[in-house]
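# Descriptive analysis of the structure
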Amino acid sequence: MVLNQKINTEKIDYELSAEKNIAKGQFGYGIMWLFLALLIEILLYLESLKESYFHIFAFVFLIAAVYKFVIAVTKYRNLSDEKS
């Protein structure tokens, strides 16, 4: 009975690696949104367009990138707290 309680309370290695992969995925999505925001801004600069709605799209993508980075950092922080 004590063995079953120990197994249930500790995370198994594949569960930890799955949570680490989720955190890496969130970080990857953050990089994707950041790339899209920078791509829009670079294209606007090179084409010298002045339409403001493209800047709004880039700003929204930048907010999404920051949000995904924050989620990834909190997930990594939670993983390091669980290992300790």
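Look up a bit, the structure's there.
Residues numbered from 1 in each chain as written. Predicted model: local features only at pLDDT ≥ 70, side-chain atom pairs only at ≥ 80, totals over all residues. Heavy atoms only, no water.

## Quick look at the overall build of the chain
- A count of helices and strands for the chain gives 3 helices and 0 strands.
- Secondary structure elements in the chain, listed N-terminal to C-terminal, are α-α-α.
- In the chain, 77% of the contacts between residues at least 6 apart in sequence involve partners at least 24 apart.
- Taken as a whole, the chain presents about 6800 Å² of accessible surface, with 68% of it coming from carbon and sulfur. (Helix = DSSP H or I, 4+ residues; strand = E, 2+ residues; numbered from the N terminus. Contact = heavy atoms within 4.5 Å. Areas by Shrake-Rupley, 256 points an atom, 1.4 Å probe, with all protein chains shown as cover.)

## Side note on a nonpolar patch on the surface
- A contiguous nonpolar patch, built from Phe59, Leu62, Ile63, Val66 and Val70 and spanning about 450 Å² of accessible area, is present on the exposed surface.
- Positionally, Ile63 belongs in helix 3 (residues 52-83).
- Since its relative accessible area comes to 46%, Ile63 is described here as partly exposed. (Patch = residues over 30% accessible without salt bridge, like charges linked within 9 Å, V, L, I, M, F, W, Y side chains within 5 Å. Salt bridge = Lys/Arg side-chain N within 4 Å of Asp/Glu carboxyl O. Buried < 20%, exposed > 50% of the residue type's maximum accessible area, 1.4 Å probe, protein only.)

## Quick look at helix 2 (residues 13-47)
- The first and last C-alpha atoms of helix 2 sit 51 Å apart over 35 residues, in line with the 51 Å expected at 1.5 Å per residue.
- In the stretch just after helix 2, Ser48 is the one whose phi turns positive, near 50°. (Expected span 1.5 Å × (residues − 1).)

## A closer look at the packing of aromatic side chains
- Under the counting rule described, the total for this entry stands at 3 aromatic pairs.
- Both rings, one in Phe27 and one in Phe69, keep their centres 5.2 Å apart while their planes meet at 50°; by these two values the pair is tilted. Pair noted here: Phe27 is in helix 2 and Phe69 is in helix 3, with a separation of 42 residues, a long-range link.
- Summarising the aromatic geometry, the rings of Tyr53 and Phe54 are spaced 4.5 Å apart at their centres and angled 40° between planes, so their arrangement reads as tilted.
- The partly exposed category is assigned to Tyr53, whose relative accessible area is 44%. (Phe/Tyr/Trp six-rings, centres within 6.5 Å; stacked < 30°, edge-to-face > 60°.)

## A closer look at the side chain of Gln26
- Within the secondary structure, Gln26 sits in helix 2.
- In terms of polar contacts, Gln26 uses its side chain to reach the side chain of Lys68, at 3.2 Å.
- Contact partners of Gln26, with chain neighbours within four places excluded, come to Lys68, Ile71, Ala72 and Lys75. (Polar contact = N/O pair within 3.5 Å; in protein donor to acceptor, adjacent residues only side chain to side chain.)

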